[in-house]
Amino acid sequence: MRRRILGFTAALVLAVLGSAAPAAQANAPTVTGPECVRQKGTLHYDSATALWTCIGGTHDGESITKK
């Protein structure tokens with residue numbers, strides 16, 4: 001009986017965390033590559049995350065949606 005409760009609780013926690021992740025990503029600020037450069041920033045590729053990021057300017061640290 002305890003295993004069933006523990007398993008159900010674990011499944012419930014994973015389901016909640018899994019549904020929250022896309023919502024957190026959708027709220028992340030994003031900018032296009034040309035907009036980053038226009039605002040005096042530069043594009044940097046992070047090979048660890050495989051993402052482009054705007055460094056400097058008004059969009060410093062924001063993810064790039066399109067180069």
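The structure contained in this document is the topic of the report that follows.

### Here we look at the pairing of strand E3 (residues 51-55)
The sheet contact formed by strand E2 (residues 42-46) and E3 spans five bridges and is antiparallel. In the sheet register, Thr42 faces E3, and the bridge partner there is Ile55. Linkage of E2 to E3, two consecutive antiparallel strands, is achieved through a turn of four residues, within which Ala50 is found at a positive phi near 60°.

### Some remarks on the packing of aromatic side chains
Applying the stated rule across the entire model yields one aromatic pair. Their ring planes at 55° and their centres at 5.2 Å tell us that Tyr45 and Trp52 sit as a pair that is tilted. Relative accessible area serves as the criterion here: at 46%, Tyr45 is assigned to the partly exposed category. Residue classification places Trp52 among the partly exposed positions, given a relative accessible area of 30%.

### Observations concerning the state of the cysteines
By definition, a disulfide links two cysteine residues through a covalent bond between their sulfur atoms. Under the definition given, this model contains one disulfide. With a sulfur-sulfur separation of 2.0 Å, Cys36 is cross-linked through a disulfide to Cys54. On the S-S bond that ties Cys36 to Cys54, the torsion sits near 85°, and the link is right-handed. Taken together, the residues Cys36 in helix H2 (residues 33-38) and Cys54 in strand E3 connect sequence positions 18 residues apart. By relative accessible area, Cys36 is classed as buried at 0%.

### Structural notes on the environment of Cys54
For Cys54, a relative accessible area of 0% corresponds to the buried category. It is 9.7 Å that separates the C-alpha atoms of Cys54 and Lys40, two residues lying 14 residues apart in sequence. If we ignore the near neighbours within four places in the chain, the residues touching Cys54 are Val31, Cys36, Gly41, Thr42, His59, Asp60, Gly61, Glu62 and Ile64.

### Some thoughts on the side chain of His59
Among the secondary structure elements, His59 is positioned in the loop between E3 and strand E4 (63-64). Among the residues examined, His59 registers a relative accessible area of 15% and is labelled buried.

Conventions and cut-offs
Residues numbered from 1 in each chain as written. Predicted model: local features only at pLDDT ≥ 70, side-chain atom pairs only at ≥ 80, totals over all residues. Heavy atoms only, no water. Pairing = 2+ DSSP bridges. Helix = DSSP H or I, 4+ residues; strand = E, 2+ residues; numbered from the N terminus. Phe/Tyr/Trp six-rings, centres within 6.5 Å; stacked < 30°, edge-to-face > 60°. Buried < 20%, exposed > 50% of the residue type's maximum accessible area, 1.4 Å probe, protein only. Disulfide = S-S within 2.5 Å. Contact = heavy atoms within 4.5 Å.

These figures capture arrangement, not role.
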